[in-house]
Amino acid sequence: MSGTALAKETGTQERQQLRAFVADDETRAVVEQVVGDLVIPAAAIHRGTIRDAIKLLGRQRSPRVLLVDISASELPLSDINELAEVCEPGVSVVAIGDRNDVGLFRELINHGISDYLVKPLTPSLLQRSLLAVVEGGGAHSRQTGRLGRTIAVMGCRGGVGATTVATSLAWAIATRRCRRVVLFDLDLQFGSVALGMDLDPAHGLRDALENPGRIDGLYLERTLVRHSETLWVLSAEETLDDPVRADRDAVGLLLHELQSKFHFVVVDLPRQLGPAVQQVLQSANNLLLVSDLSLAGMRDTMRLNQLMQATNASCIVTVIASRVGEYRTGEIPRAEFERGIGRPIDLVLPFDPKHVPPLVNAGRPVASGSGPTASALCRLADQLCGAKPSAGKGGLLARLLSRRS
Ligand SMILES: Nc1ncnc2c1ncn2[C@@H]1O[C@H](COP(=O)(O)OP(=O)(O)OP(=O)(O)O)[C@@H](O)[C@H]1O
Ligand SMILES: [Mg+2]
């Protein structure tokens with residue numbers, strides 16, 4: 001493969017094709033030479049180590065190919081894991097180090113590294129490695145192996161605030177944590193995600209979900225609607241006279257495509273347990289069950305929780321009691337509700353008529369405003385991103401969320 005082919009293969013409009021973090025001038029000179037020889041136009045070469053890469057990529061888009069110097073790293077495997085956490089899915093990482101150690105090489109490959117090069121680096125060695133990474137084949141074709149996390153949100157009853165939770169969560173993860181997020185509204189007829197984000201619904205989602213052959217990277221580029229630099233929305237507003245027949249495989253394919261491009265896929269689920277919803281439930285990493293403190297809500301929270309134990313036991317289920325306080329005397333007391341569902345409630349969102357409806361009606365995510373619901377939703381987003389809870393707050397939720405698959 002020629003250098004131009006490498007550039008083409010690795011390039012998109014937004015992503016850097018190659019970023020290198022190298023700790024010494026000698027290695028830097030070699031990287032510069034190879035970047036020039038291979039004609040990689042969008043490349044950035046930094047003086048630094050894997051720690052600098054982790055810091056920068058926690059806030060910026062990941063390149064297609066990442067070169068990192070691990071020679072100064074005392075715990076290279078844990079640094080590589082940390083790097084994989086911040087990187088977008090689908091990044092190929094080539095590590096450069098000074099230990100000529102087959103054991104380390106194997107471990108790095110097992111942790112998703114494409115190649116490990118030992119210093120002193122030569123231009124031909126680096127060029128061969130980069131071309132192999134892009135062309136694929138054997139260990140070189142590996143990417144960090146991580147796919148984005150799928151967070152499914154389901155209301156156990158109608159109107160309890162599930163979409164409010166989904167939009168806020170997606171917004172907070174994208175904006176406060178700078179992760180790339182897609183918010184996917186799987187209710188193609190009645191979904192209100194686009195309304196709640198003040199966006200026009202896209203065209204083409206129905207077609208893709210009924211015809212899996214349509215789904216590829218290009219399709220997504222046309223169908224995703226951009227909300228901000230880091231947040232994208234996939235939704236529809238289909239006519240009501242013709243039911244949508246979403247194909248289970250199409251939903252699986254679409255989810256996979258989204259997971260390979262975003263750190264987080266937040267799916268707002270309709271309550272009918274058709275094939276599309278079942279597909280999402282089976283592959284979700286987290287399920288947020290949103291309910292009010294009603295008798296019917298208690299019954300359905302219990303049933304959905306049981307369904308998840310049977311269909312996707314590794315999914316972390318978080319129970320959210322929403323609009324709490326709205327009906328005061330009519331509500332089931334928390335302890336009784338928890339006994340009924342056979343597990344604790346993880347998060348309580350108060351009934352907050354002063355802050356929530358005005359924001360929802362203005363097409364703004366609730367988490368972007370103020371008030372108790374906004375701060376609770378921001379804390380939830382932080383915890384889903386793996387942030388440590390502040391002392392005394394959300395202990396149980398944090399423990400649940402830290403049981404990561
Ligand atoms: N904590 C809250 N306090 C006050 N109002 C709320 C709260 N959460 C949601 N709402 C209001 O409840 C209404 C329904 O919210 P939302 O659309 O998020 O519910 P849903 O569970 O997604 O409903 P659906 O079953 O139609 O999908 C909205 O008008 C919203 O403003
Ligand atoms: Mg909804």
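Above this text sits the structure in question.
Parameters and conventions
Residues numbered from 1 in each chain as written. Chains lettered and ligands numbered in written order. Predicted model: local features only at pLDDT ≥ 70, side-chain atom pairs only at ≥ 80, totals over all residues. Heavy atoms only, no water. Pairing = 2+ DSSP bridges. Helix = DSSP H or I, 4+ residues; strand = E, 2+ residues; numbered from the N terminus. Axes fitted to C-alpha atoms, helices over the stretch in contact; angles between N-to-C directions. Contact = heavy atoms within 4.5 Å. Salt bridge = Lys/Arg side-chain N within 4 Å of Asp/Glu carboxyl O. Buried < 20%, exposed > 50% of the residue type's maximum accessible area, 1.4 Å probe, protein only. Near = heavy atom within 4 Å. Polar contact = N/O pair within 3.5 Å; in protein donor to acceptor, adjacent residues only side chain to side chain. Areas by Shrake-Rupley, 256 points an atom, 1.4 Å probe, with all protein chains shown as cover. Nonpolar A, V, L, I, M, F, W, Y, C, P; charged D, E, K, R; others polar.

Caption draft 1: How the structure looks around the sheet that holds strand 4 (residues 92–97). Taken in spatial order, the five strands line up as 2-1-3-4-5 in an open sheet, and their pairing is parallel. Here the strands that pair on one side only, and so sit at the sheet edges, are strand 2 (43–47) and strand 5 (115–118). Looking at each pair of strands side by side, their axes are set apart by 15° on average, direction ignored. As judged from the five bridges shared by strand 1 (residues 18–22) and strand 2, these two strands associate in the parallel manner. Across the sheet, residue Ala20 finds its bridge partner in strand 2, namely Ile45. In this fold helix 6 (residues 123–135) packs onto strand 1, strand 3 (65–69), strand 4 and strand 5, with an angle of close to 175° to the strand it touches most, strand 5.

Caption draft 2: How the structure looks around the pattern of salt bridges. Taken as a whole, this structure holds 24 salt bridges when the rule is applied. Here Lys119 and Asp69 are joined by a salt bridge, their closest N and O atoms 2.9 Å apart. With Lys119 in the loop between strand 5 and helix 6 and Asp69 in strand 3, this pair connects stretches of sequence that are 50 residues apart. Relative accessible area serves as the criterion here: at 22%, Lys119 is assigned to the partly exposed category. Here Arg157 ties to Asp300 by a salt bridge, and the two come within 2.6 Å at their closest N and O atoms. Here Arg157, found in the loop between strand 6 (149–155) and helix 7 (162–176), pairs with Asp300, found in helix 13 (residues 295–311); they are 143 residues apart in sequence, far enough to count as distant.

Caption draft 3: Focus on the site of ligand 1. The environment of ligand 1 is made up of 15 residues, and the closest members are Gly159, Thr163, Thr164, Arg323 and Asp352. The separation between an oxygen atom of ligand 1 and a polar main-chain atom of Val160 is 3.1 Å. Contacts to ligand 1 include Asp352, whose backbone N or O atom sits 2.8 Å from a nitrogen atom. When isolated, ligand 1 has an accessible area of 630 Å², and the protein chains bury 75% of it. Within the residue set of the shell around ligand 1, elements represented by two or more residues are helix 7 and helix 15 (356–361). Looking at the shell around ligand 1, its residues break down into seven nonpolar, five polar and three charged.

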